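So you can see what is in the structure, the chains are spelled out below.
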Amino acid sequence: MNANYTLGNGKSIQGMAMAVSSFLRNEENMETETIPTENGSTFLQARVRNGNLKQFVGMDRTIFVRFNPVGERQVQVEVTKGKWIDKSVAMAVSLVVLWPLAVTSGIGMYKQGKLPGKILEKIETYLMSM
């Protein structure tokens, strides 16, 4: 999912990345890591805390957000979700072997599907704040 934004006065790529990182840590219970690059982009990766158990039951989530400067005050934001194939396989196996895991896999896939939209909403909130 991609979106382009214009940075207003006092707004920066770093501030935008901090707002998203804070949202993911505080509201989505995810670990985050922000990595600035040499070309001025910022890369943010996040994963669910306590991922081993959640990975086993198909509820783990991984998300990547790249903030790319594309003009003097323009930023392109690219949001990429983790591997869907892992969740699909876990869900298929759990339907046959452990059907309760199918429910948790489905919940995990649903929540991950909603996350990119939530991230873009947080960016818009950051840009509109004083």
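Reading guide: rules and limits
- Residues numbered from 1 in each chain as written.
- Predicted model: local features only at pLDDT ≥ 70, side-chain atom pairs only at ≥ 80, totals over all residues.
- Heavy atoms only, no water.
- Helix = DSSP H or I, 4+ residues; strand = E, 2+ residues; numbered from the N terminus.
- Buried < 20%, exposed > 50% of the residue type's maximum accessible area, 1.4 Å probe, protein only.
- Contact = heavy atoms within 4.5 Å.
- Areas by Shrake-Rupley, 256 points an atom, 1.4 Å probe, with all protein chains shown as cover.
- Core = buried A, V, L, I, M, F, W, Y, C linked by side-chain atoms within 4.5 Å.
- Pairing = 2+ DSSP bridges.
- Axes fitted to C-alpha atoms, helices over the stretch in contact; angles between N-to-C directions.

Caption draft 1: Examining the overall build of the protein more closely. Each helix and strand counted, the protein has four helices and five strands in total. Start at the N end of the protein and walk to the C end: the helices and strands fall as β-α-β-β-α-β-β-α-α. By residue count, 35% of the 130 residues in the protein fall in the buried class. Considering only contacts in the protein between residues 6 or more positions apart, those separated by 24 or more positions represent 56%. For the protein, the accessible surface area stands at approximately 7,800 Å², while carbon and sulfur atoms represent 57% of it.

Caption draft 2: Spatial organisation of the nonpolar core. If you look at the biggest cluster of nonpolar residues, it comprises 25 residues, and the most contacted ones within it are Met16, Leu24, Phe67, Val77, Ile119 and Ile123. If we ignore the near neighbours within four places in the chain, the residues touching Phe67 are Ile13, Met16, Ala17, Val20, Ser41, Thr42, Leu44, Val75, Gln76, Val77 and Ile123.

Caption draft 3: Representation of the sheet that holds strand β5 (residues 74–81) within the structure. The five strands lie next to each other as β1-β5-β4-β3-β2, forming an open sheet whose pairing is antiparallel. Whereas interior strands pair on both sides, the edge strands pair on one side only; in this sheet they are β1 (2–6) and β2 (30–36). Averaged over neighbouring strand pairs, the angle between their axes works out to 20 degrees when direction is ignored. Alignment of strand β4 (residues 62–69) against β5, held across seven bridges, turns out to be antiparallel. Along β5, the bridge assignment pairs Pro69 with Val75.

Caption draft 4: Highlighting the side chain of Thr42. Within the secondary structure layout, Thr42 lies in strand β3 (residues 42–48). Of the residues examined, Thr42 reaches a relative accessible area of 3% and is grouped as buried. Residues in contact with Thr42, not counting those within four places in the same chain, are Ile13, Ala17, Thr34, Ile35, Pro36, Val65, Arg66 and Phe67.

Caption draft 5: Quick look at the pairing of β2. As judged from the seven bridges shared by β2 and β3, these two strands associate in the antiparallel manner. Within β3, the residue paired with Glu33 across the bridge is Gln45. Linkage of β2 to β3, two consecutive antiparallel strands, is achieved through a turn of five residues, within which Gly40 is found at a positive phi near 95 degrees.

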